[in-house]
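Here is what each chain is made of, one letter per residue.
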Amino acid sequence: MSTTSELLSTRRSRRIPKLVQKINGIYSAKRGKKRLKKLSLSNFENASLRDENSESESDSDDRFKAHTQRLVHIQSVLKKAPSYRTLERELIEWQERELFEYFVVISLKKKPSKNTYIPEVSYQFPKLERPTKQVREAEERLKAIPQFCFPDAKDWSPVSDFTSETFSFMLTGEDGSRRFGYCRRLLPGGKVPRLPEVYCVIISRLGCFTLFSKILDEVERRRGISAALVYPFMRSLMESPFPAPGRTIKVKTFLPGAGNEVIELRRPMDSRLEHVDFDCLFRCLSIRQVIRVFASLLLERRVIFIADKLSTLSNCAHAVVALLYPFSWQHTFIPVLPPSMIDIVCCPTPFLVGLLSSSLPKLKELPVEEALMVDLGADRFLRQMDDEDSLLPRKLQAALEQALEQKNELVNQDSDSESDDECNSLNSLVSEAFIRYFVETIGHYSLFLTQNERNERIFQREAFRKSVASKSIRRFLEVFMESQMFAGFIQDRELRKCRAKGLFEQRVEQYLEELPDTEQSGVNKFLKGLGNKMKFLHKKS
């Protein structure tokens, strides 16, 4: 007869999709059994916790020490008080807002007495009124939009044929707020050579590539008949609310020849991936290269993507940032960088930017500090640090690589639930493989969130890191814990009044249920002793 623990184990596994179980199995086979080690209050207070060879972890590898010092330096360079972004917070704040802020059309105008073109706003909706502070800020944003829509304006001349392309960019305000721009570049109808136009929808903060791609499909369909049909359609859309995850909104429209239509716009349940195209990323880069870029971003390095097409730059930039979930990239993020702003690559702080290949000669002239330059068209690094393969814990990197190498095989296997279309997609598999990497490295973080005498949640940093059994994971955490990404993640958890929710927290809960009772009880016993000592010191003072 089954024991109670066996029944519980069976119920847990039923809750976990088969795809995720297979990914977990790959990691389990690579990493070994023990995950958390026994801590005692006495050896923690000594703050040494030497390894078996009695050499301190910090001294054992000067390279990792240098990484840590660099991240600490970055914190000091960013002088203003940190305002951390978290994906979940932005999704909650903005999901009930209007569908978009502005709709603009960008056209190319010929420069006087020259054979080159400059991009200009040829249509804008809604019009800005009353010169308030918000209106002035909006005007500044609108001035920047043309160069993001046509960063290659100088390369254009009239053409008879052009395949439309979809891309996105991001505007960052002085307060750190981000706004997405979703664009469709297309060729207006006609028989003679002509210049393309860009139809651009600007929204606040929320990334929803699939939803806005469908809107832009409708824009292109109407533009193929007449530009006059586009504007009433966008006006009717603006009156619609932003759909919540998993919800659908219906928009009534009229199209000559087709009559009245109802367009359905749906957001997927998993809002994290609705602006992400991992397929494009893996078409451009090999698995090994993707992991190297991922490792560089985790250590908050400077990364430059280079490609021939705007759509390639924006798709790949959004995809690599999505790999960082549950963390949020805290630094400069410009998927498509206009040539006029190329000096940003000389900035000493971390960034992720994308440049068209036509800007490469100019890039090579600039005094760029240490940076990873990635040629997306040739799957190669034009410049690197040569340590990208050694930044992640070796066994976990091997597990991540294996899960990604088997991605097609795992996706194509029999599905196991009603939500399989979303659960078993390539996007979902890739995301789950990287989520498991973070579960393996920081999945025990909640065990080290304690409450002080004032009922404030405090994260026990050193105890958290030193509780990990694997030396290579401890060494990785020593560096990663100095990043702004990690600081923002922990600050968000410390300030929450209730437990965080989301896919990562679900996977963490399942991971903690997998831990042997001895490992969990050892941590609980240590934290109880630490809490008692803190209370004693508080009363004494």
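1. What about the packing of helix 2 (residues 18–31) against helix 13 (residues 394–405)?
Where helix 2 contacts helix 13, the two axes come as close as 9 Å, and the packing angle between them is 150 degrees. For the crossing formed where helix 2 meets helix 13, the hand is right-handed. Counted together, Ile26, Tyr27, Lys30 and Arg31 of helix 2 and Lys395, Leu396, Ala398, Ala399, Leu400, Gln402 and Ala403 of helix 13 form the full contact between these two elements.

2. Digging into helix 2
Over its 14 residues, helix 2 extends 20 Å from the first C-alpha to the last, a length consistent with the 20 Å expected when each residue adds 1.5 Å. Among the residues making up helix 2, those that are buried are Leu19, Val20, Ile23, Asn24, Ile26, Tyr27 and Arg31. Projection of helix 2 onto a plane perpendicular to its axis shows the buried side chains occupying an angular sector of 155 degrees, all on one side. Of the residues flanking the end of helix 2, it is glycine 32, one or two places downstream, whose phi is positive at about 95 degrees.

3. Here we look at the confidence of the model for the protein
Low pLDDT means the predicted coordinates in that region are not meant to be read closely. Put simply, the protein has an average pLDDT of 80, and 75% of its residues get 70 or more. Throughout residues 41–60 the model reports pLDDT below 50, and contacts reaching past four residues in sequence, or to other chains, amount to 30 contacts. Between residues 416–420, whose pLDDT stays under 50, and residues either more than four places distant or in other chains, the model counts five contacts.

4. Some details on the pattern of salt bridges
Under the counting rule described, the total for this entry stands at 29 salt bridges. For aspartate 387, the salt bridge is made with arginine 301, and the minimal N-O distance between the two is 2.8 Å. Within this pair, whereas aspartate 387 is found in the loop between strand 12 (380–383) and helix 13, its partner arginine 301 is found in the loop between helix 10 (287–298) and strand 8 (303–307), the two being separated by 86 residues in sequence. When the shortest N-O distance is used, the salt bridge between glutamate 369 and arginine 302 registers 3.5 Å. Of this pair, glutamate 369 sits in the loop between helix 12 (360–365) and strand 11 (372–375) while arginine 302 is found in the loop between helix 10 and strand 8, placing the two residues 67 residues apart along the sequence. The exposure class of arginine 302 is buried, given its relative accessible area of 7%.

5. Here's the deal with the side chain of glutamate 197
Topologically, glutamate 197 is positioned in strand 5 (residues 197–204). Glutamate 197 sits in the buried class, given a relative accessible area of 14%. Looking at glutamate 197, its side chain comes within polar contact range of the side chain of tyrosine 199, at 2.9 Å. Sequence-distant contacts of glutamate 197, that is, excluding residues within four places in its chain, are made with Val105, Ile106, Ser107, Phe150, Arg184, Arg185, Leu186, Pro188 and Arg223.

6. Remarks on the sheet that holds strand 9 (residues 332–334)
In spatial order, the strands read 9-10-8-11-12; together these five strands make up an open sheet with mixed pairing. The sheet terminates laterally at strand 9 and strand 12, the two strands that pair on one side only. This sheet shows a mean twist of 25 degrees between the axes of neighbouring strands, independent of strand direction.

7. As for the state of the cysteines
Enumeration according to the criterion identifies zero disulfides in this entry. For the unlinked cysteine cysteine 346, the closest cysteine sulfur is that of cysteine 347, found at 9.0 Å.

8. Digging into the pairing of strand 2 (residues 117–125)
Sheet topology places strand 1 (residues 102–110) next to strand 2; eight bridges connect them, and they run antiparallel. Looking across to strand 2, one finds that leucine 108 is bridged to proline 119.

9. Topic: the nonpolar core
Soluble globular proteins tend to bury their nonpolar side chains together. Within the largest apolar cluster, 155 residues are counted, with the highest numbers of intra-cluster contacts made by Leu298 and Phe305. The leading source of residues in this core is helix 16 (residues 426–442), at ten residues. With near-sequence residues (within four places) excluded, leucine 298 lies in contact with Leu324, Leu392, Tyr437, Phe438, Phe476, Phe480, Ser483 and Met485.

What counts and how
Residues numbered from 1 in each chain as written. Predicted model: local features only at pLDDT ≥ 70, side-chain atom pairs only at ≥ 80, totals over all residues. Heavy atoms only, no water. Axes fitted to C-alpha atoms, helices over the stretch in contact; angles between N-to-C directions. Helix = DSSP H or I, 4+ residues; strand = E, 2+ residues; numbered from the N terminus. Left-handed = near helix turned anticlockwise from the far one by under 90°. Contact = heavy atoms within 4.5 Å. Expected span 1.5 Å × (residues − 1). Buried < 20%, exposed > 50% of the residue type's maximum accessible area, 1.4 Å probe, protein only. Arc of directions from axis to C-beta. pLDDT = per-residue confidence, 0-100. Salt bridge = Lys/Arg side-chain N within 4 Å of Asp/Glu carboxyl O. Polar contact = N/O pair within 3.5 Å; in protein donor to acceptor, adjacent residues only side chain to side chain. Pairing = 2+ DSSP bridges. Disulfide = S-S within 2.5 Å. Core = buried A, V, L, I, M, F, W, Y, C linked by side-chain atoms within 4.5 Å.

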